[in-house]
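Chains, contacts and geometry: an overview
Single-letter residue listing:
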Amino acid sequence: MIRYAYQGTGFEGWEERLQALPPALCSALLRDMIRIRVIEEEIERRYHQDQMKTPIHLVIGQEASSVGFCAALTREDLLYSGHRTHGAYLAKGGDLRGMLCEMHCRINGCAGSRGGSMHLIDKRAGMAGTSAIVGGAVPIAAGAALSLKLRGSDRVAAVFLGDAATEEGVVSETLNFAALKRLPMIFVCENNFYSVQSPLATRQPARDLHRWAAEHGVASVQVDGTNVLAAREAALAAVERARSGGGPSFIEARLYRFRAHGGAGDDSKTGYRDLEELHQWETVDPIRTYFDFLSRTQLADDRQRDAMYQAAMKEVADAFEFALASPNPEQKDLYTHVYSD
Amino acid sequence: MIRYAYQGTGFEGWEERLQALPPALCSALLRDMIRIRVIEEEIERRYHQDQMKTPIHLVIGQEASSVGFCAALTREDLLYSGHRTHGAYLAKGGDLRGMLCEMHCRINGCAGSRGGSMHLIDKRAGMAGTSAIVGGAVPIAAGAALSLKLRGSDRVAAVFLGDAATEEGVVSETLNFAALKRLPMIFVCENNFYSVQSPLATRQPARDLHRWAAEHGVASVQVDGTNVLAAREAALAAVERARSGGGPSFIEARLYRFRAHGGAGDDSKTGYRDLEELHQWETVDPIRTYFDFLSRTQLADDRQRDAMYQAAMKEVADAFEFALASPNPEQKDLYTHVYSD
Amino acid sequence: MPWDEGLVNSLVYEGPDPSEGRILSYAKAINEAFAIAMEHDPSVIVLGQGVDDPSAMFGTTRGLQARFGGARIFDTPVAEESIMGVCTGAAMNGLRPVYMHNRPDFILLAFNQLVTHASKVHFMDNGQTNVPMVVWAAIGRGWGSGAQHSQSIQGLLLGVPGLKIVMPSTPADAKGLLLSAIADNNPVLVFEHRWLMKKDGVVPEGHYRIPLGEGVVRRRGTDLTVVGASHAIELASQAATRLAKEGIEAEVIDLRTVKPIDEAIIEESLGKTGRLVVVDTGWAMGGVCAEIGCLAAEKWFHLLQAPVRRIALPDVPSPAGFTLEQFYYPDVERIQAIMRGLARQ
Amino acid sequence: MPWDEGLVNSLVYEGPDPSEGRILSYAKAINEAFAIAMEHDPSVIVLGQGVDDPSAMFGTTRGLQARFGGARIFDTPVAEESIMGVCTGAAMNGLRPVYMHNRPDFILLAFNQLVTHASKVHFMDNGQTNVPMVVWAAIGRGWGSGAQHSQSIQGLLLGVPGLKIVMPSTPADAKGLLLSAIADNNPVLVFEHRWLMKKDGVVPEGHYRIPLGEGVVRRRGTDLTVVGASHAIELASQAATRLAKEGIEAEVIDLRTVKPIDEAIIEESLGKTGRLVVVDTGWAMGGVCAEIGCLAAEKWFHLLQAPVRRIALPDVPSPAGFTLEQFYYPDVERIQAIMRGLARQ
Ligand SMILES: Cc1ncc(C[n+]2csc(CCOP(=O)(O)OP(=O)(O)O)c2C)c(N)n1
Ligand SMILES: Cc1ncc(C[n+]2csc(CCOP(=O)(O)OP(=O)(O)O)c2C)c(N)n1
Ligand SMILES: [Mg+2]
Ligand SMILES: [Mg+2]
């Protein structure tokens, strides 16, 4: 039984808008999604070797959201995210070696082996912070936006949150505060209909998350989160609003995760969601649909795509090698940075 | 400058609905409001004598809400409230002596001198609990409603909350839960536009509280909180919905407090609100407007009203006397009820 | 199987003796306690994120929904503060909710309801209402989840009047203490350690209760006293067994309930040994270790022959990395060394 | 004037000697610290419910908005958890927020942001970011507001790595410690006692800082050591003055910062006196008293000549009623009696 059907219309009607975009951008979006997919699949493939001693939350299936939204941000804009952070980190320009070192608990991990996969952070890329607590990063992003605003910056702060985060009161509080102070902030709500193995319907009455957000005084839209161009377009509008003093935006992106909540592989067979549902969403795999669209419009071909896969595979193999050769932390490293000087 | 103007229409157009009500009910509503007013004024008058060593939060100006909403509840229905609890306690049928003993910190106070004015509770009257924490009683009331529902009772649980409580995330969370579980519950939001001395506009963007609540999936309305009949009617509809399995309701009652947030007297002269604003709302004093309406329709006259004042004054004088003659707690009393057996 | 499950599976516990009775895992013992409590008392309800999902809270809630229905055991929104309040209100009105969390960290979102409401209602209204609820959480350790998913928060709650805090270490205790906690008329926190979930033990059948506030001597000895609960006492017991081979006889006291504390059992032991080690799964500072150490200095000063030692976490957030975790968490060797040092002092 | 203001006004503090310098009230000293910090550093912002309202947080924020503008000092929604997170995010990005609460109880709503985020960010990201923020709250006592409006929560936070906790007792310290707290690059909690707000003292002009983590000897003595902070040390000082007339000389140590604890100053004093009383405004159990008592048993055992005593709140929620409050809170007489008892032991 399909509980949460895909209700978008794919790239239908997007031809014209695509033509208006620089071809390099169009292919970069594809490349970035492929890169994330390849990295995630390699992490997944190796996970059972038990070298990565940290929980993982794969974004396979959700790449259009990671890439599309980040495409609207500059390196200087600040991005926050929750536990499902691989996609955001990579799309924002985080360092892959730093990420894999972190996931191998090495001292040169992007968080020095204190964070693990849920705390990927790379300040040089504007990947500014994460929280393993559902909703935890949301007010922190608002604080970042407040700081940008008070210091007269034209940068924006964005935060990725899941559908479950909208159940946490702090998100309601933060929407109110962001609207009140007209913060240059973007809430990107990745609605994949599940919280771990709990479907939306056991957690919320039938309601539209973007309309709920709108009633807090925040400009809100819903987009097809499998469509990288739609995600990017919504994000561009939000960024423009934020930079021009128009205040915060909330974007609900409907999408689907193809793997288990955490760990490697899919867990649909445990019964919490129907394989049929997963299969339906797999037919709108964000990478395949976008590639098909690009090839239909002669903006990409198999060769180019394959080259992207190759490049990503090489990069990820190198990065794994680097991580595995990196040093472990020592006892003294435990005691640093408890306090800041 | 009037920041928050009265926007209601008083009792205009209520003649017909009034005629449909039993005259005894109409006059009971007046009597109950007068009684609360008299009690509050006497508390206020005596407060500076320093016999009541507890903070007070007077409901003077908000009596139509206390009385109108409680008129839709039976004694067995459960009522919860926040810090501004005098009106709810009295309108629900709480024992006046118990209340004044509590406010004089006597052992026979309704909370044994442990609660003070913010923790007036009288289980026999279904005044089931309060919290001094803004929003704190709201999920507790939902828990009460859940228990009623699971145990197959047709009673309902109601909770009074202020406008500021809607800023607390827990209220958003609780609206979601109440809608999800279709709880037999009523949220009565007394929007008096201020939180202590902070106006709504410094705390929330322009938004409609009842529409915000509605987007959580809870049936919501706005009523004129100075109109006791309107309050009662909205509450009756909500109670009916709850008892018939229709789930929760949210009622935003717009009204005004005539006194300072806490303590005796008005504090408008400190400048946080304009005296003109207070004076405008005083022209729609819920007791006067209702009495005028009743007298216009021959359902009450000065003599009856004066008798109500007299009776209340006598009752309150007796209760004060009783409280002042009541024993203080002893040291051993401090250590009881830390744990329940 | 992810690495941390492998790690948990590889833990060595002293095998129970099947001749002493039926053997059950810790998680199954909890599951049995739930079934008995729900069978016995229709007012018991169980709720929490994922309690009815396929992983069934480490298996502790397996099968309950099929048996008792979705009205009595159900999933919740991700909204800890309000659900804690819902439980409080339900408990004030005739139900006995058990609110489950797969990490204690999430309880921090609900401190306002727990600390400022649930724990105080009975006192504040002069005994008119009580709050018979259980807040259950599985403590993590050493599985790479880092500072926000591995906190042991009993130390933060110890000082809060009106609460009780249970931390079992054996399957039989987990069952009997949970049954007591559910039957108790106060808010009771039950912290179960993830690393104990697969531990086997002899578990009596049917309904029985282990009183809250009563410790138990796990091992008799005269050279020093080790006091603690949960997985920390498991490690200390292993250390004590090893030390016995060195001729050092430690008395091991499993408090089982860290609030209220069984003072009598500690005092009696100190009367024999004069030496105290306190172990805990949480931070050493200001928590369970500090309280018991201070009690010793206050009430049993004249029994003490050597300084008190605490073995718990340093004043550092938990790291996520495997290597750093080895330095962070005390292990049997470290505990053994400290115990040996104290015994020889 | 409500009764509790009368009560606070009637408190007797030793009058400061005007020949020693300028005299200011405790609240005015805080106000001055804010003005200096905001003048000195444009990244300092002050926010909290009612910080700009006519009562101006006990007067501590009076005039700041007129001087520094509504962008730098502003009122907030009643939404403690998110505003705590906003402060954390702002602090991570170049601001120095001071988040004010008129009661510490409201911080409990924000424990998730404070304990699980603000305190850990710097550690979790390996020092890439720091969180220079101050969480300020006025502690209440004995003014009839009951269990939900009078909690002293330093004991709950003591064990949390990464936090600092400041509890001044004099106007000069209140100013110098607040200036240090604002300049500190970590989340610092500053608890000020309502009953000290009107206390006068000599307060140096201009900018100065009192280092966090350094206690001060308020009174020299050789018979016993009293350790504590905030209003508790004020009461203990009064008790010590009275005891001196009985020939008992107590050394009074005002820690000023309860995390980190100035261990050296306590150790030195215990070396002389061998007797320790710990005082605190919070619950005795598992909090500041427990930590210091345990430290004594652990580190200074060989200096101790008598059992440690703690003077703080019993394991009971605060009552609201005036009479019960008198039994609940330790007063000078009670402290004096305990100190006398210990000195004679
Ligand atoms: C406050 C809190 N409660 C519960 C959890 C446990 N938890 C971890 S991830 C998760 C699912 C969150 O779902 P959603 O926000 O929709 O994000 P998704 O995993 O679907 O991307 C939950 C409940 C948590 N981390 N924090
Ligand atoms: C969580 C919390 N934050 C702050 C306060 C302080 N406080 C007490 S009453 C109050 C005003 C609440 O305003 P509102 O909810 O509108 O109720 P009203 O007083 O107007 O009836 C505030 C902020 C509190 N009691 N609890
Ligand atoms: Mg989701
Ligand atoms: Mg209000």
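Read on for an overview of the structure. Note that the structure is predicted; figures quoted are calculated from it, not measured.

This paragraph deals with the overall build of chain A. Secondary structure summary: chain A contains 12 helices and eight strands in total. For chain A, whose C-alpha radius of gyration is 19 Å, the value lies close to the compact-globule estimate of 20 Å for 341 residues. Taken over the C-alpha atoms alone, chain A extends approximately 55 × 50 × 45 Å along its principal axes. Put simply, chain A has 341 residues, and 64% of those count as buried.

Below, the discussion takes up the overall build of chain C. Assigned secondary structure in chain C consists of 13 helices and 14 strands. For the C-alpha atoms alone, the extent of chain C along its principal axes is close to 60 × 50 × 40 Å. Relative to all contacts within chain C whose residues are 6 or more apart in sequence, the contacts with residues 24 or more apart total 83%. Counting only carbon and sulfur atoms, one obtains 50% of the accessible surface of chain C, whose full area is about 9100 Å². Between the averaged position of the 30 positive side-chain charges in chain C and that of its 38 negative side-chain charges there is a distance of 3 Å.

It is worth spelling out the site of ligand 2 at this point. Taken together, 21 residues sit near ligand 2, with H83, R84, A132 and D163 of chain B together with E80 of chain D positioned nearest. A distance of 2.7 Å separates an oxygen atom of ligand 2 from a polar atom in the side chain of D163 of chain B. Within the side chain of E80 of chain D, an N or O atom sits 2.6 Å from a nitrogen atom of ligand 2. Here the shell around ligand 2 is composed, by residue class, of 10 nonpolar, seven polar and four charged.

All names here are of chain A. Each protein donor to the magnesium ion (ligand 3) is listed here as D163 (OD), N192 (OD1) and Y194 (O); together their distances run 2.0 to 2.1 Å. When the donor residues of the magnesium ion (ligand 3) are listed from N- to C-terminus, their spacing reads D-x28-N-x1-Y. Placement of D163 in the loop between β3 (157-162) and α7 (169-180) and of Y194 in strand β5 (residues 194-195) is noted, with a sequence separation of 31 residues between them. Like D163, the residue Y194 is buried in the burial classification.

This brings us to the pairing of strand β14 (residues 309-313) of chain C. A regular strand places its side chains on the two faces of the sheet in alternate fashion. Counted residue by residue, β14 of chain C has four buried out of five residues, so it is predominantly covered. Handedness of the crossover joining strand β13 (residues 276-283) of chain C and β14 of chain C through helix α11 (residues 288-299) of chain C: right-handed.

All names here are of chain B. Taken in spatial order, the six strands make up an open sheet running β2-β1-β3-β4-β8-β7, and their pairing is parallel. Two strands lie at the open edges of the sheet, namely β2 (127-130) and β7 (219-224), each paired on one side alone. Mean inter-strand twist for the sheet, computed between neighbouring axes without regard to direction, equals 20°. Where strand β1 (residues 78-81) lies against strand β3 (residues 157-162), three bridges are found, and the strand directions are parallel. Its bridge partner being in β3, L78 is matched across the sheet by A157. Along the sheet face, helix α6 (residues 137-150) touches β1, β3 and β4 (185-191) and points at about 170° away from the line of β3.

Glancing now at the pattern of salt bridges. Residues and elements named next belong to chain C. Taken as a whole and judged by the stated rule, the model has 80 salt bridges over all chains. For the salt bridge of D173 with R256, the shortest nitrogen-to-oxygen distance reads 3.2 Å. One end of the pair, D173, is in helix α8 (residues 171-183); the other, R256, is in the loop between β11 (250-254) and β12 (257-259), with 83 residues separating them in the sequence. Exposure class is identical for D173 and R256. Each is buried.

It is worth spelling out the relation of the copies chain C and chain D at this point. Taken as rigid bodies, chain C and chain D are interconverted by a rotation of 180° and an axial shift of 0.0 Å, the fit giving an RMSD of 0.0 Å. Taken together, the rotation angle and the small translation identify this as a two-fold axis. An overlap of 100% is found between the interface residues of chain C and their copies at the interface of chain D, pointing to a shared contact surface.

Looking at ligand 1, there are 21 residues lining it, with H83, R84, D163 and N192 of chain A together with E80 of chain C nearest. Around ligand 1 the close residues trace back to chains A and C. Measuring from an oxygen atom of ligand 1, one finds a backbone N or O atom of A164 of chain A at 3.0 Å. Relative to its unbound accessible area of 580 Å², ligand 1 is 95% covered by the protein chains.

For the magnesium ion (ligand 4), every protein donor is listed as D163 of chain B (OD), N192 of chain B (OD1) and Y194 of chain B (O), and the spread of their distances is 2.0 to 2.1 Å. The sequence pattern describing where the donors of the magnesium ion (ligand 4) fall on their chain is D-x28-N-x1-Y.

This brings us to the nonpolar core. Residues F111 and L157 of chain C together with F111 and L157 of chain D are the most contacted members of the largest nonpolar core, which totals 198 residues. Apart from residues lying up to four places away in sequence, L157 of chain C is in contact with F111, L114, V115, L163, I165, L189 and F191 of chain C.

Another point: the interface of chain D and chain B. Of the residues lining the interface, 35 residues belong to chain D; the matching set on chain B comes to 38 residues. Overall, the association of chain D and chain B removes approximately 2800 Å² of surface from exposure, summing both partners, and the carbon and sulfur fraction of that is 62%. Taken together, chain D and chain B are joined by zero salt bridges. Inspection of the chain D/chain B interface yields nine residue pairs in polar contact (both at pLDDT 80 or more).

We now examine the interface of chain C and chain D. Each partner contributes to the interface: chain C provides 48 residues, whereas chain D provides 48 residues. Here chain C meets chain D over a buried area of about 4300 Å², counting both sides, of which 66% is carbon and sulfur. At the junction of chain C and chain D, the tally comes to six salt bridges. Scanning the region where chain C abuts chain D turns up 18 residue pairs in polar contact (both at pLDDT 80 or more). Taken together, the elements giving at least two residues each to the side of chain C that touches chain D come down to α5 (111-118), α6 (121-124), α7 (154-157), α11 and β14 of chain C. With eight residues, α11 of chain C is the single largest residue contributor to the side of chain C that touches chain D. Among the residues making up the side of chain C that touches chain D, the classes are represented as 28 nonpolar, 13 polar and seven charged.

Here the focus is unusual backbone geometry. Going from K259 of chain C to P260 of chain C, the amide bond is cis rather than trans, its omega being -5°. Position of P260 of chain C relative to the elements: it lies in the loop between β12 and α10 (263-273). Despite not being glycine, S113 of chain B shows a phi value in the positive range, around 70°. Counting through the fold element by element, S113 of chain B comes out in the loop between α5 (96-103) and β2. Located in the positive-phi region is N126 of chain D, a residue other than glycine, with phi close to 60°.

Cut-offs applied
- Residues numbered from 1 in each chain as written.
- Chains lettered and ligands numbered in written order.
- Predicted model: local features only at pLDDT ≥ 70, side-chain atom pairs only at ≥ 80, totals over all residues.
- Heavy atoms only, no water.
- Helix = DSSP H or I, 4+ residues; strand = E, 2+ residues; numbered from the N terminus.
- Rg over C-alpha atoms; globule rule 2.2 N^0.38 Å.
- Buried < 20%, exposed > 50% of the residue type's maximum accessible area, 1.4 Å probe, protein only.
- Contact = heavy atoms within 4.5 Å.
- Areas by Shrake-Rupley, 256 points an atom, 1.4 Å probe, with all protein chains shown as cover.
- Lys, Arg positive; Asp, Glu negative; His and termini not counted.
- Charge placed at Lys NZ, Arg CZ, Asp CG, Glu CD.
- Near = heavy atom within 4 Å.
- Polar contact = N/O pair within 3.5 Å; in protein donor to acceptor, adjacent residues only side chain to side chain.
- Nonpolar A, V, L, I, M, F, W, Y, C, P; charged D, E, K, R; others polar.
- Donors = N, O, S within 2.8 Å, 3.2 Å for Na, K, Ca; no water.
- Right-handed = clockwise from strand over helix to strand, strands pointing away.
- Pairing = 2+ DSSP bridges.
- Axes fitted to C-alpha atoms, helices over the stretch in contact; angles between N-to-C directions.
- Salt bridge = Lys/Arg side-chain N within 4 Å of Asp/Glu carboxyl O.
- Least-squares fit on C-alpha atoms with pLDDT ≥ 70 in both.
- Core = buried A, V, L, I, M, F, W, Y, C linked by side-chain atoms within 4.5 Å.
- Buried area = accessible area lost by both parts, 1.4 Å probe.

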